[in-house]
Amino acid sequence: RPQIPPVHVNEQHTLPKSDEEEDISAAEISLLQKIVRKGLVENKHDIEVQRKDPTSPLYSIKSFEELRLKPDLLKGVYAMGFNAPSKIQETALPTLLADPPQNMIAQSQSGTGKTAAFVLAMLSRVDPKKDYPQVLCLSPTYELAIQTGEVAARMSQFCPEIKIRYAVRGEEVPRGSKLQEHIIIGTPGKVVDWGVKFRFLDLGKITVFVLDEADVMIATQGHQDQSFRIHKLLPRNCQMMFFSATYENDVMEFAEAIVSSPVIIRLKREEESLNNIKQYYVMCRNQDEKYSAIANIYGVVSIGQAIIFCHTRKTASWLAEKMSQDGHAVALLSGELTVEQRISVLDRFREGKERVLITTNVLSRGIDVEQVTIVVNYDLPIDLHRQPDCETYLHRIGRTGRFGKSGIAINLVDGFRIHQYPKAN
Ligand code: ADP
């Protein structure tokens, strides 16, 4: 097992600023998704590939053996329980491992196997006989860098000769020394310090450069400029790998500024189908009516589990407290919890220890709990301008009825004035 210096994940996570709205950063959501995810996200779409030279062959693999990896690395892949490549890995891996190296921009939803793909590429590109950094991976935050490092450590568990080092806050290097580890995984600020200011590593010797979670990266102040500073010092023939969960214009502009002549692969997001979800609403004149609606619903949740979404943290904790006082077993998940606390709440819910989970928007995306059959919107989602937020609504009710099961969504509608609604024919 490679010796990675221990780093402690005990830092206090930044609290959302206001009590009104949940203000969870893209990086936090991404981290939470990574930690609570238990396996691959399925996707039936075909991969879209764009490349400069359409005549150059593009391979796709159906097994990890076809990649001709070092046996100890293949052993590590199987030890992680990966039997066959995921959809994105089938297409990305042959290109990432090809000789001569090719640049790649890959985009697919979180959970589809991007990290595992580039970590495998990073590990197989290392020449352990050379004792200097050859592979550099930039992640947007400390916690995300640690997640990637842990995947690298597990995958290389049978390759003790490969050394990995974190370049994140809290890590120190004595002045004047040179790093000897082969792989550096870090945040842009620290890598600028180490590579540009103190020259602990020679960026001119990097052969593989990975930019992970590029969409989260550009959402973070200053990260884009620091990435450009690092990029400028990399050798011309350095292989560039760029990964993102989304494909917005600003992400693609960033990608194209960093990655020349890339093979671009995209896996479209699987649409959430609402066919098997029944949607209801209950008109409630005031909080009391909302509360009795909730209490009634609680009474009938005998199969499966329910998630209740509230607009503010204040409502969520008020509701959780009131329901507990009335003898209902409920769990509360909101933004003021640390990542560790959130995971433990979700784990308990997943194990069925509580049948009802009360939350704010933290949980509206990405996290699957199979047994959820009822989603309740205690408050209907609205955006910052207090307009209906349809996307969040779809994400929320999509938490139920997953994997082809049927689900129910119940909306508690309040603050209405009947005469404002257009008359139905
Ligand atoms: P992404 O980086 O796109 O979010 P990850 O690489 O983190 O996706 O993979 C998501 C989850 O699926 C992780 O739990 C990972 O261990 C698992 N996983 C990745 N590749 C495979 C595979 N080929 N077979 C089985 N599980 C996989």
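Scroll up to find the structure this text is about.
This text gives an overview of the structure that appears in the document. Fair warning: this is a prediction, and the values are worked out from it, not measured in the lab. (Residues numbered from 1 in each chain as written. Predicted model: local features only at pLDDT ≥ 70, side-chain atom pairs only at ≥ 80, totals over all residues. Heavy atoms only, no water.)

A contiguous patch of negative charge on the surface is contributed by Glu 248, Asp 250, Glu 253 and Glu 256. In this structure, Glu 248 sits in the loop between β7 (239–244) and α9 (249–258). Glu 248 sits in the partly exposed class, given a relative accessible area of 47%. (Patch = residues over 30% accessible without salt bridge, like charges linked within 9 Å, V, L, I, M, F, W, Y side chains within 5 Å. Areas by Shrake-Rupley, 256 points an atom, 1.4 Å probe, with all protein chains shown as cover. Salt bridge = Lys/Arg side-chain N within 4 Å of Asp/Glu carboxyl O. Lys, Arg positive; Asp, Glu negative; His and termini not counted. Charge placed at Lys NZ, Arg CZ, Asp CG, Glu CD. Helix = DSSP H or I, 4+ residues; strand = E, 2+ residues; numbered from the N terminus. Buried < 20%, exposed > 50% of the residue type's maximum accessible area, 1.4 Å probe, protein only.)

With that out of the way, let us pick up the packing of helix α8 (residues 223–232) against α9. Look at α8 against α9: their axes get within 11 Å of each other, and the N-to-C directions meet at 15°. On the basis of the axis angle, α8 is roughly parallel to α9. Handedness of the crossing formed by α8 with α9: right-handed. Seen from α8, the contacting residues are Gln 224, Ser 227, Phe 228 and His 231; seen from α9, they are Phe 254, Ala 257 and Ile 258. In terms of residue class, the contact of α8 with α9 is built from four nonpolar, three polar and no charged. (Axes fitted to C-alpha atoms, helices over the stretch in contact; angles between N-to-C directions. Parallel < 35°, antiparallel > 145°, perpendicular 65-115°, else oblique. Left-handed = near helix turned anticlockwise from the far one by under 90°. Contact = heavy atoms within 4.5 Å. Nonpolar A, V, L, I, M, F, W, Y, C, P; charged D, E, K, R; others polar.)

Attention shifts here to the site of the ligand. Inspection of the region around the ligand gives 17 residues, with Ala 84, Gln 89, Gly 111, Lys 114 and Thr 115 positioned closest. Within the backbone of Ala 84, an N or O atom sits 2.9 Å from a nitrogen atom of the ligand. One of the backbone N or O atoms of Thr 112 is found 3.2 Å from an oxygen atom in the ligand. When the ligand is considered free in solution it has 560 Å² of accessible area, and contact with the protein chains removes 82% of it. (Near = heavy atom within 4 Å. Polar contact = N/O pair within 3.5 Å; in protein donor to acceptor, adjacent residues only side chain to side chain.)

You can see Phe 158 is positioned in the loop between α5 (142–155) and β4 (164–167). According to the relative accessible area criterion, Phe 158 is partly exposed, its value standing at 28%. Other than its neighbours up to four places away in sequence, Phe 158 contacts Asp 72, Lys 75, Gly 76 and Ala 79.

On to unusual backbone geometry. A cis geometry characterises the amide bond from Asp 99 onward to Pro 100, with omega recorded as -5°. Residue position: Pro 100 is located in the loop between α3 (87–96) and β2 (104–108). Within the chain, Arg 68 stands out as a residue other than glycine whose phi angle is a positive 50°. Residue position: Arg 68 is located in the loop between β1 (47–50) and α2 (71–79). Classification of Arg 68 as exposed rests on a relative accessible area of 74%. For Ser 261, which is not glycine, the phi torsion reads 35° and is therefore positive. For Ser 261, the position within the fold is in the loop between α9 and β8 (263–267). Since its relative accessible area comes to 52%, Ser 261 is described here as exposed.

A word on the pattern of salt bridges. The final tally for this structure, using the stated rule, is 16 salt bridges. In this structure, the salt-bridge partner of Arg 165 is Glu 181, at a minimum N-O distance of 3.7 Å. Separated by 16 residues along the polypeptide, Arg 165 in strand β4 and Glu 181 in the loop between β4 and β5 (183–186) bring together distant segments of the chain. The exposure class of Glu 181 is buried, given its relative accessible area of 18%. Measuring nitrogen to oxygen at the nearest pair gives 3.2 Å for the salt bridge that ties Asp 347 to Arg 350. Linking Asp 347 with Arg 350, this pair stays in helix α12 (residues 339–350), spanning three residues, or about one helical turn. Overall, Asp 347 belongs to the partly exposed group, its relative accessible area being 25%. Residues participating in the shared-partner salt-bridge network are Asp 127, Lys 129 and Lys 130.

A few words now on the sheet that holds β8. As summarised here, the arrangement of the eight strands in space is β1-β8-β2-β7-β6-β3-β5-β4, forming an open sheet in which the pairing is mixed. Unpaired on one side and paired on the other, β1 and β4 mark the two borders of the sheet. In this sheet, neighbouring strand axes are inclined to one another by 15° on average, regardless of whether the strands run parallel or antiparallel. In this sheet, β5 lies alongside strand β3 (residues 135–138) in parallel orientation, the contact comprising four bridges. Paired with Cys 137 across the strands is Ile 185, a residue of β5. Packing of helix α4 (residues 114–125) onto the sheet brings it into contact with β2, β3, β5, β6 (208–211) and β7, and relative to β7 it is tilted by some 165°. (Pairing = 2+ DSSP bridges.)

Purely spatial values, then, with no claim about function.
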